[in-house]
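# Observations on the model geometry
This is what each chain is made of:
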Amino acid sequence: MNADGRTRLNQTPEWTALAKHREELGEVQLRQLFAGDPGRGSGYTLRVGDLHIDYSKQLVTDETLRLLRELAAATGVFGLRDAMLRGERINVTEDRAVLHTALRAPRGAVIEVDGENVVPAVHAVLDRMAGFAGRVRSGEWTGHTGRRIRNVVNIGIGGSDLGPAMAYEALRAFTDRSLTFRFVSNVDGADLHEAVRDLDPAETLFIVASKTFTTIETITNATSARTWLLDGLGGDEKAVAKHFVALSTNAEKVAGFGIDPANMFEFWDWVGGRYSFDSAIGLSLMIAIGADRFRELLDGFHLVDEHFRTAPAEANAPLLLGLLGVWYGNFFDAQSHAVLPYSHYLSKFTAYLQQLDMESNGKSVDRAGRPVEWQTGPVVWGTPGTNGQHAYYQLIHQGTKLIPADFIGFARPVGELSEELKAQHDLLMANLFAQGQALAFGKTPDEVRAEGVPEELVAHKTFRGNHPTTTILAAELTPSVLGQLIALYEHKVFVQGAVWDIDSFDQWGVELGKVLAKRVEPALTEGADVPGLDASTAALVATYRELRGR
Ligand code: F6P
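Per an unreviewed UniProt entry, the protein goes by Glucose-6-phosphate isomerase and derives from Streptomyces bobili. Annotation of the protein in UniProt includes, under Subcellular location (unreviewed entry), the sentence "Cytoplasm". UniProt's Function (unreviewed entry) comment on the protein is quoted here verbatim: "Catalyzes the reversible isomerization of glucose-6-phosphate to fructose-6-phosphate."

Quick look at the structure:
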């Protein structure tokens, strides 16, 4: 039994029914499924806002989908969704509400946490952000020497970096090109060095983004950035107020660091780090694209939130995508999931999804703390599609692993491309469609032979096919479409965590490494004796010190 009295996932009749169905399907072929249903290509599709979602190339039948939906019903996915949207503390191990959906709610909405409507506070911060972003963009906000800000450097890590960094790339076509944006996350000093080496401190604004304001990488980089700034501006401490702003939930720590709390943009503990990019954490993006475009992005998120909240199970896209992941992970032993955008602008999209998905669902105990007896979150990976085609697609096509994949593409290019570059778009998309086709239908030995291939090469040139993919298409990569895409994946991850009965909103797995790094550091710098250091690490530390010349 689960803590809430429900039967454990792998003991439910719905789970057993799916396992049986999987056996009955055996080596079902996509070729067969399409031959048996001429309407499949257009029938197995969903429309959500601007997103056209084609799941026809999935190894599923109507019966599979029905059984998966029954599993979702039995595991209370929609009940947990409603509890989340009501502001209940569904992050059980941290005893927190999970309300990133409130960040994009319209001004008049009412969403309560502990009896208090949080929407007015959300909009108050958005309004402050809009005012500040407008002043930076117009040149009204100047640096300490009176020069206008031309460079914005976001310092943060994890959810305080990946979201704005990804979205800045994604929406470059909509950004103010007279401003330079850099994103510093790694505690490797080279990151900050490369980000600021060609910048003028008098024209540079640092945005220190950290929910807790205790994250060692961010605080270390922010401290070094302050030194760089003061060195460049003659050492006047007053310069900090004009060149540093903070995005955080922790006003005390922000003040302690020396940033004027008047220059802090707040968010709240009910916003998880990896779900925070549409909170104050999006300030750098808002400066880049302007407050109106930022609102379009939030409205895109909200559109999918509403879809997730209201669409019936049969037409609910996050539910469907989540359940497909359960199908492959739990019934086909798929270990990973590839996300392959056919858009240069989405070059950081999969890296962003890695944190969203793997930090959320990389868990091995259920909500009550008992070991799970089923697979949980997949390894999420991928890079823009055409580049991948010339690198790792070989393994997807002809390797031994089953790798379900999502293709993401757009009908029109964005930005001020020349006519010649715009024309390349059809070739880009032809590649997306071709890959989906090749992965699904492959090439049989007979088809290979018919091309006159010598017998000894037939096996090498045969494509097994039957690799499941989803294709997500939209007209253009606009701010709204980006918001829709992210919300789609957020809720997909939610669905999977709900089915697996894990807490998708904590991240205890990152803690041990943080603690050990703090303990080991004095051994590196001072040769301090670290009690209890294992023999392997002790030997590595000794070698490191020797190589470092200490
Ligand atoms: O890696 C753990 C984590 O807590 C992430 O969840 C979070 O996004 C990141 O660190 C950064 O945390 P903060 O915003 O508090 O600096």
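Having seen the structure, we can now continue with the description.
Near the ligand you find 13 residues, and of these Ser160, Ser210, Lys211, Thr212 and Thr215 are the closest. At 2.6 Å, a side-chain N or O of serine 160 approaches an oxygen atom of the ligand. Here an oxygen atom of the ligand sits 2.8 Å away from a polar atom, N or O, in the side chain of glutamate 359. Structurally, the ligand is housed in the largest pocket. Counted by class, the shell around the ligand contains two nonpolar, nine polar and two charged residues.

Under the defined criterion, the tally for this structure stands at 33 salt bridges. As a salt-bridge pair, arginine 8 and glutamate 373 come within 3.3 Å of each other at their nearest N and O atoms. In this pair, arginine 8 sits in the segment before helix H1 (13-25) while glutamate 373 sits in the loop between helix H15 (349-361) and strand S11 (379-381), placing the two residues 365 residues apart along the sequence. Here arginine 8 falls in the buried class, since its relative accessible area comes to 7%. Residue glutamate 373 is classed as partly exposed on the basis of its relative accessible area of 48%. The partner of arginine 81 in a salt bridge is aspartate 82, with the nearest N and O atoms 2.9 Å apart. For arginine 81, a relative accessible area of 6% translates into the label buried.

The backbone of aspartate 95 sits at a positive phi, close to 50°, despite the residue not being glycine. Looking at the element boundaries, aspartate 95 is found in the loop between helix H5 (77-85) and strand S3 (112-113). The class of aspartate 95 is partly exposed, set by a relative accessible area of 47%. Backbone geometry places asparagine 466, a non-glycine residue, at a positive phi of 65°. Tracing the backbone through its elements, the reader meets asparagine 466 in the loop between helix H20 (455-461) and strand S13 (469-474). The class of asparagine 466 is buried, set by a relative accessible area of 12%.

A water-sized probe rolled over the atoms picks out the places where empty space is left. Counted as a void, the largest pocket has a volume near 1,300 Å³. Along the walls of the largest pocket sit 47 residues, with Thr212, Thr215, Val510, Glu511 and Lys514 positioned nearest its centre. If you list the elements that add at least two residues to the lining of the largest pocket, you get helix H9 (216-232), H15 and helix H22 (511-526). Of all the elements, H22 adds the most residues to the lining of the largest pocket, at eight residues. Tallied by class, the residues present in the lining of the largest pocket amount to 16 nonpolar, 18 polar and 13 charged. Residue lining of the second largest pocket: 21 residues in total, with Ser343, His344, Leu417, His425 and Leu428 positioned closest to the centre. Those elements giving two or more residues to the lining of the second largest pocket turn out to be helix H16 (385-389) and helix H18 (419-441). Per-element tally for the lining of the second largest pocket: the top contributor is H18, with six residues. Looking at the lining of the second largest pocket residue by residue, the class counts come to twelve nonpolar, seven polar and two charged.

Moving on to the nonpolar core. Core analysis: the biggest nonpolar cluster contains 127 residues, and Trp270, Ile287, Phe349 and Leu482 have the highest contact counts within it. With 13 residues, helix H21 (residues 479-500) is the largest single contributor of residues to this core. Counting residues in hydrophobic clusters, the runner-up holds 24 residues, among them Leu199, Phe206, Ala246 and Met264.

Mapped onto this structure's residue numbering, the UniProt feature "active site" (unreviewed entry) falls at Glu359, His390 and Lys514. Taken together, the annotated residues stretch across 156 residues and extend over separate regions, lying up to 36.8 Å apart by C-alpha. Residues that both appear in the annotated list above and line the largest pocket are Glu359 and Lys514. Along the chain, glutamate 359 turns up in helix H15. Given the relative accessible area of 21%, glutamate 359 is considered partly exposed. Beyond its immediate stretch of four places on either side in the chain, glutamate 359 contacts Arg274, Gln354, Asp506, Gln507 and Val510.

The rules we used
Residues numbered from 1 in each chain as written. Predicted model: local features only at pLDDT ≥ 70, side-chain atom pairs only at ≥ 80, totals over all residues. Heavy atoms only, no water. UniProt positions renumbered as here; feature names shortened; annotations may be inferred. Near = heavy atom within 4 Å. Polar contact = N/O pair within 3.5 Å; in protein donor to acceptor, adjacent residues only side chain to side chain. 1 Å grid on protein atoms, 1.4 Å probe; cavity = no way out; pocket = protein on both sides within 12 Å on 5 of 7 lines; lining within 4 Å. Sits in = over half its atoms within 2 Å of the grid points. Nonpolar A, V, L, I, M, F, W, Y, C, P; charged D, E, K, R; others polar. Salt bridge = Lys/Arg side-chain N within 4 Å of Asp/Glu carboxyl O. Helix = DSSP H or I, 4+ residues; strand = E, 2+ residues; numbered from the N terminus. Buried < 20%, exposed > 50% of the residue type's maximum accessible area, 1.4 Å probe, protein only. Points joined across faces, edges and corners; volume = space filled by probe spheres on them. Core = buried A, V, L, I, M, F, W, Y, C linked by side-chain atoms within 4.5 Å. Contact = heavy atoms within 4.5 Å.

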